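# Tertiary structure, described
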Amino acid sequence: MDTGIGARVKRKEDHRFITGKGQYTDDINLKDQTYAYFVRSPHAHATIKSIKEPEWAPEDGVVAVFTGEHVAEDKIGGLICGWMIHSKDGSPMKAGPHPILAQGKARYVGDHVAVVIAETKEQAKAAAARVDVTYGVLPHVVDVAKATKSKAQIHDVAPDNTVFEWSLGDKAATEAAFQRAHHVTKLDLVNNRLIPNAMEPRAAIGSYDSGSDHYTLYTTSQNPHVARLVISAFHGLAPEHKLRVIAPDVGGGFGSKIFIYAEEVVCVWASKRIGGRPIKWTAERTESFLADAHGRDHVTHAELAMDKDGHILGLKCHTLASMGAYLSTFASCVPTYLYATLLSGQYAIPAIYAEVDAIYTNTAPVDAYRGAGRPEATYLVERIVETAAREMKIDPAEFRRRNFVTTFPHQTPVIMTYDAGDYDASLKKALEISDYKGFPARKAAAAKQGKLRGIGFANYIEACGIAPSAAVGSLGAGVGLWESAEVRVNPVGTIEVLTGSHSHGQGHETTFAQLVSDRLGVDINSVAIVHGDTDKVQFGMGTYGSRSGAVGMSAISKALDKVEAKARKIAAHVMEAAEGDIEFKNGSFSVKGTDKKMAFGEVALAAYVAHKFPTSEIEPGLKETAFYDPSNFTFPAGCHICEVEIDSETGVTEIVSWTAVDDFGTVINPMIVEGQVHGGITQGIGQALTEGCVYDSESGQLLTGSYMDYCMPRATDVPSFKLGFTETKCPSNPLGMKGCGEAGAIAAPAAVMNAMTDALGVKDLAMPASPHTVWKTLQATKMAAE
Amino acid sequence: MSAISMKVNGKAVCGAVEPRTLLVQFLRENLGLTGTHVGCDTSQCGACVVHVNGTAIKSCTALAVACDGAEVTTVEGLAKNGKLHPMQEAFREHHGLQCGFCTPGMLMAAVDLVNRKGKTLDEATIRHELEGNICRCTGYHNIVKAIQAGAENM
């Protein structure tokens, strides 16, 4: 059975998940464990005047109550934002303090004010309700469009609640392009705020061992090494060699588990305070809604300039991006370098100018969520391109084709150099699969049933595998964005790969093993992938931004090169041949022109017994490490086509057809890649039709704090998907991979809303386009017609 | 505390629980059966679905004391004698899971669906019947395929 690159290998990790043997953080219990429950602010913005504990009785089971004062006593540093952005005037972003327990002020509903540690979960929760916090309520603002003019002053360091006013592109050149324009399309867009909702809520167990002065943190993290680095270097809890971070099985992340959050740091810090007893915290779903980093929340005005033939001359936009009440770990790079750098889309646009104002609001912090900036960019570009095509009465496919980038490398006006792609190929294939030509007939048939049928495109592009490190450093990143790998060959020829990537649903245990099986010709079942433990894996930057293939696997590939090179040397000595005569194929080393042959496992054993080669020249053993820093971003791209039918009486929308054609470069496991696309599209459909985070502007309360109020896409909300692939290899990494994890979520909202506006014959429609929203639009259209 | 006993995955078990203890807590905390998950606090997500006396229920919505004397099957009880249940096999075969967190509830709901509606299930029926189970990873596409295939093999 083929288990190499390109094979639909069934997942190695599945057995434990389908038999209930997965080990998620909440499944782990440590001896003598206590439980934490957080006292959270019920106010959107308030001073904390006092925090009083009642007299606890023994049956209350309370071990300790900690507040910001205790945090300050221990000099535990605040949460950080790891990407520096400078405003147009050169001033650095205005980052307000973000202590792990509030100090003096709470800035959003759900802000962590105090923690109660008790013998049981129930006791901790009951006791938390009895902690008496006196608040002085302050004016608040939750709406990003109103925040700069609000009476609420959220952080002293940030006048007008403005974190930064940033721009990218050539303003003068863009204005000149608009001067020359034959037609200008204008669009005001709201990219609705989303709550990530990985199915496993965040959880942590922190413990301190006084015997060795050592801390351990089990946590639901996409990047345990980054967590260790930040907790060591910025919170100052312990040096890295005194802190072990373990991210075991993690039940989905979608970005929300990248970040270093207060709760996890509190658990590991407070364990020492209570004499080393472990402290466990598992978020209730309501806490996930309140206190996980949210996504999107942009308000944008955009304009697109065209010549008379529909060639794009320029694009300009102004975006207000809500940061929430604090800057989360990577918040600042999302609406800047992950957003405005993609505003050229798949098109050759000569001039682009983007202004982004990042604004504090009294809401949960906003940070990267599946796609992170790129869905917002794609939504803008693909909505305005579609609108422009309609206004100029050019077929939307043809309009796009006229403007595609067709030669590579292509330098956009917004930093990126696209390295490879064939946008027309994915469009063409998508038109075929979707039977674009048959759409008018389908629309007419739907009309007979009282249904309004619409079609919408999204020709997205994204940038993945963010790098090289020196480049992102020059743009403000506080970290390098390489990846590490270690390939350990055991004497019997079995292999452990230690990777800095982290799998929380992506199937790394399978795809990474496929790479090894392919390269070394070994049985896939003799390969184990090890991740998620800072004591096992030397270092890693983790998994986000669709980087684990392009960056993580490239690191493994580099380490495999080294393993092969050393194994060749050893094989040459053992078989008494010149190294240049050694051939390696299908897992076996042979001497050119002879029948001498050694299986990979035999060479591994020879490496460890070290009898037959000079150890003064070749070290015994077979284990190699690699750190891989990419030379460029990768640029996955594709074409998604959505068809909707809207019931003209009720406003209920059904997605009746979905075609996705993606170019991810080399695909290791098509089965897994298709699964990533399905899931991404569904999250994008969720954004477009069902999901929307709502804060009440009067009270500042989160109105969508449970699955009763926040509408997650369910099985009936989405169709089965028709998928196709095109392939242009990524030239900047050894495997030719581009990344696939976010594409669906990036493409889908624009495709849905282009289809919705087509069906309804309107220029714009707010997301989520719930039946109520659609029905109101239908009524307004009817009234206007009468 | 109340003493309760039940048969879980074919094995007689007993324990002392508070009146407020939920079945899911009893399974996870008293019995160490952590395959059953808690994904929400409003009985919406379905990660906690188990079978009680042959019927699927959300174990976050049942009190342990109310299940005194019951026969309970959790995801750990689906495979028999080391052989995967056809529904488990189908989820693996059709890539019906990614992070695995919703999977136990999906499997138990799917088996219950086949028990109620038979082995021949169309896509619309499966999608409708999954209204009580949320998956954030798969987009349901492969879960639907897996259930259809698993049903035929049951």
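Predicted model, so just to flag it, every value in this text is computed and none were measured. (Residues numbered from 1 in each chain as written. Chains lettered and ligands numbered in written order. Predicted model: local features only at pLDDT ≥ 70, side-chain atom pairs only at ≥ 80, totals over all residues.)

### A short note on the overall build of chain B
Per the secondary structure count, chain B includes 5 helices and 5 strands. Along its sequence from the N terminus, chain B presents helices and strands in the succession β-β-α-β-β-β-α-α-α-α. In terms of overall size, chain B behaves like a compact globule, its C-alpha atoms giving a radius of gyration of 15 Å where 154 residues would be expected to give roughly 15 Å. By principal-axis analysis of the C-alpha atoms, chain B measures approximately 45 × 35 × 25 Å. For chain B, the residues scored as buried account for 59% of the 154 residues in total. In chain B, the proportion of contacts linking residues at least 24 apart, taken out of those at least 6 apart, comes to 62%. (Helix = DSSP H or I, 4+ residues; strand = E, 2+ residues; numbered from the N terminus. Rg over C-alpha atoms; globule rule 2.2 N^0.38 Å. Buried ≥ 20, exposed ≤ 12 C-beta atoms within 10 Å, placed from the backbone. Contact = placed C-beta atoms within 7 Å.)

### Side note on the nonpolar core
All names here are of chain A. One finds Ala36, Val116 and Val752 to be the most contacted residues of the largest nonpolar core, which totals 305 residues. For this core, the element with the highest residue contribution is helix H17 (residues 743-760), accounting for 13 residues. Among all residues touching Val752, those that are not within four sequence positions of it are Gly456, Cys642, Val644, Ile685, Ala688 and Leu689. (Core = buried A, V, L, I, M, F, W, Y, C linked by C-beta atoms within 7 Å.)

### A word on the domain arrangement of chain A
All names here are of chain A. Structurally, chain A comprises domain 1 (14-138 + 202-282), domain 2 (298-466 + 632-785) and domain 3 (482-628). Domain 2 and domain 3 are separated by 40 Å when their C-alpha centres are compared. With 19 residues of domain 2 at the interface, the matching set in domain 3 holds 16 residues. Considering only residue class, the side of domain 2 that touches domain 3 consists of 11 nonpolar, 6 polar and 2 charged. (Domains from an automatic or database assignment. Nonpolar A, V, L, I, M, F, W, Y, C, P; charged D, E, K, R; others polar.)

### Observations regarding helix H3 (residues 121-128) of chain A
Within H3 of chain A the residues assigned to the buried category are Gln123, Ala124, Ala127 and Ala128 of chain A. One face of H3 of chain A carries all of its buried residues, which in axial projection span an arc of 130°. (Arc of directions from axis to C-beta.)

### Thoughts on the domain arrangement of chain B
Frequently, the measure chosen for interface size is the accessible area removed from exposure when the parts meet. All names here are of chain B. With domains assigned, chain B is organised as domain 1 (2-75) and domain 2 (86-152). Put simply, the parts of the chain that give the side of domain 1 that touches domain 2 at least two residues each are strand S3 (49-52) and strand S4 (55-58). At 3 residues, S3 tops the list of elements feeding residues into the side of domain 1 that touches domain 2. Its residues assigned to classes, the side of domain 1 that touches domain 2 comprises 7 nonpolar, 8 polar and no charged.

### Comments concerning the packing of helix H2 (residues 86-93) of chain B against helix H5 (residues 141-152) of chain B
The description of two helices packed together rests on the angle between their axes and the distance between the axes. Residues and elements named next belong to chain B. In the contact formed by H2 and H5, the axes pass within 8 Å of each other and the chain directions differ by 140°. The handedness of the crossing between H2 and H5 comes out as right-handed. Contacts between H2 and H5 involve Pro86, Met87, Ala90, Phe91 and Glu93 from the former and Ala146, Ala149 and Gly150 from the latter. In terms of residue class, the contact of H2 with H5 is built from 6 nonpolar, 1 polar and 1 charged. (Axes fitted to C-alpha atoms, helices over the stretch in contact; angles between N-to-C directions. Left-handed = near helix turned anticlockwise from the far one by under 90°.)

### Some points on the pairing of strand S1 (residues 2-8) of chain B
All names here are of chain B. In this structure, S1 lies alongside strand S2 (residues 11-17), joined through 7 bridges in antiparallel fashion. If you follow Ser2 over to S2, its bridge partner there is Val17. Turn length for the S1-S2 hairpin, with the two strands adjacent in sequence and antiparallel, is 2 residues, and the turn residue Asn9 shows positive phi of about 55°. The pairing of S1 with strand S5 (residues 71-73) spans 2 bridges and is parallel. What sits directly across from Val8, in S5, is Val72. (Pairing = 2+ DSSP bridges.)

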